Amino acid sequence: MTTAFDTFDLSGTPLASRVVMAPMTRSRAGEGGVPTDLMVEYYAQRASAGLIVTEGVQPSVVGQGYPFTPGLHSAEQTEGWREVTDAVHAAGGKIYAQIMHSGRIGHPVLLPDGLVPVAPSAVPAAGQLYTAEGMKDFVTPRELTGAEVRETISEYVTAARNAIDAGFDGVELHGANGYLIHQFLSTNTNLRTDEWGGSAENRVRFAAEVTKAVAEAIGAGRTGLRISPANPYNDIAETDTDLVYPALVEAVAPLGIAYLHVVEAAPRLRELTLELRAKFPGAFILNPATEGPTDHGSLALVDEGVADLVAFGALFLANPDLPARLRTEGPYNTPDPASFFGGDHRGYTDYPALAA
Ligand SMILES: Cc1cc2nc3c(=O)[nH]c(=O)nc-3n(C[C@H](O)[C@H](O)[C@H](O)COP(=O)(O)O)c2cc1C
């Protein structure tokens, strides 16, 4: 029987297990969005994952949604990431960079030169976001012109090329959780009347074109896509989840990409998860809907064939040696939400491993 602790061939990248570290923003990058020595240590500590997916990394200046997040659009950022990938590889791990353009989820105070966040349509998100100047209401984003949509796709491509230069095994495109790609997919955030909006087929186009362009640039076998059907996070209100996600998966299926990574926002979505898995020919990573953080109880998803790999978020943040702890079904260190975003080594690199 196949188990989560079996090896996996991810389009030619050999993984030691099917245990994936889910992408997690930690807001500890240095000046100019450059990775720090502390980030090198954090990721190297977690190299026993079958695959690490990094925190969201902005592909452009305007794509940054939170303070102290890292980028992959400058030479200094790329150099900084090389130290991360070298350390993870030296420790026997594999690592993908998550490319995250935050779209309307951002704020001018985070951006230089009077820049305003951009989005498919000029629809502000309800609510507030954290900035260095405190909590701020989301602003109305500027609608991308058709030419700018194309330029944005090329920014993903440049960031993906930089990721490969930096030694990453591949990139995951962040199409989940209400950021730019998800904003194109959802009916409440995409009011466009051109080829990028309207029908489900048109709303899928941006996700599909980004995926295609990145796969052509760095290789389909090094390209993954993350989605979160029906996830209301960041003020997303989808009205045709059952149409738009099957259409998206049909559009990307022929590209031969390494994986599809589904964040299951609620248990009721399992049927859709299974439908998407059946439509997708590559590897399927599931970050399942669970009560509390995903733990060893979800490993059986691999045995049952629901997923090829399982992603663990909060518990991986708090347990650098998570695969070893999953094998023994715990014990686990408890994640401390107060140190999730920003700060120093506390709540970052000081979670202890089990005694040898
Ligand atoms: C601190 C923190 C930061 C996160 N940042 C990201 C991110 O940058 N990109 C992303 O796709 N998901 C992000 N997530 C969501 C996780 O990848 C994951 O889907 C979520 O935590 C649920 O999985 P879990 O129950 O195993 O924690 C974040 C979650 C946490 C806890």
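Residues numbered from 1 in each chain as written. Predicted model: local features only at pLDDT ≥ 70, side-chain atom pairs only at ≥ 80, totals over all residues. Heavy atoms only, no water.

Structural notes on the layout of surface pockets
If you add up the space inside the largest pocket, you get close to 1,000 Å³. In this structure, the largest pocket is lined by 41 residues; those nearest its centre are Pro23, Met24, Asn177, Arg226 and Tyr233. Those elements that provide at least two residues to the lining of the largest pocket are strand S4 (51–57), strand S7 (128–131) and helix H9 (314–318). Across the lining of the largest pocket, the residue classes break down as 22 nonpolar, 14 polar and five charged. One number sums up the size of the second largest pocket: a volume of about 340 Å³. Here the lining of the second largest pocket is built from residues that sort into nine nonpolar, eight polar and two charged. (1 Å grid on protein atoms, 1.4 Å probe; cavity = no way out; pocket = protein on both sides within 12 Å on 5 of 7 lines; lining within 4 Å. Points joined across faces, edges and corners; volume = space filled by probe spheres on them. Helix = DSSP H or I, 4+ residues; strand = E, 2+ residues; numbered from the N terminus. Nonpolar A, V, L, I, M, F, W, Y, C, P; charged D, E, K, R; others polar.)

A look at the pairing of strand S10 (residues 170–175)
A regular strand carries its side chains on alternate faces of the sheet. Judged by how many residues are buried, S10 sits mostly within the fold: six of six residues are covered. Here S10 shows two buried faces, one formed by Gly170, Glu172 and His174 and the other by Val171, Leu173 and Gly175. Direction of pairing for strand S5 (residues 95–99) relative to S10: parallel, over a ladder of four bridges. Following the sheet pairing, Tyr96 is matched in S10 by Gly170. Pairing geometry for S10 and strand S11 (residues 223–227), over five bridges, is parallel. Among the inter-strand pairings, Leu173 is bridged to a residue of S11, identified as Leu225. (Buried < 20%, exposed > 50% of the residue type's maximum accessible area, 1.4 Å probe, protein only. Pairing = 2+ DSSP bridges.)

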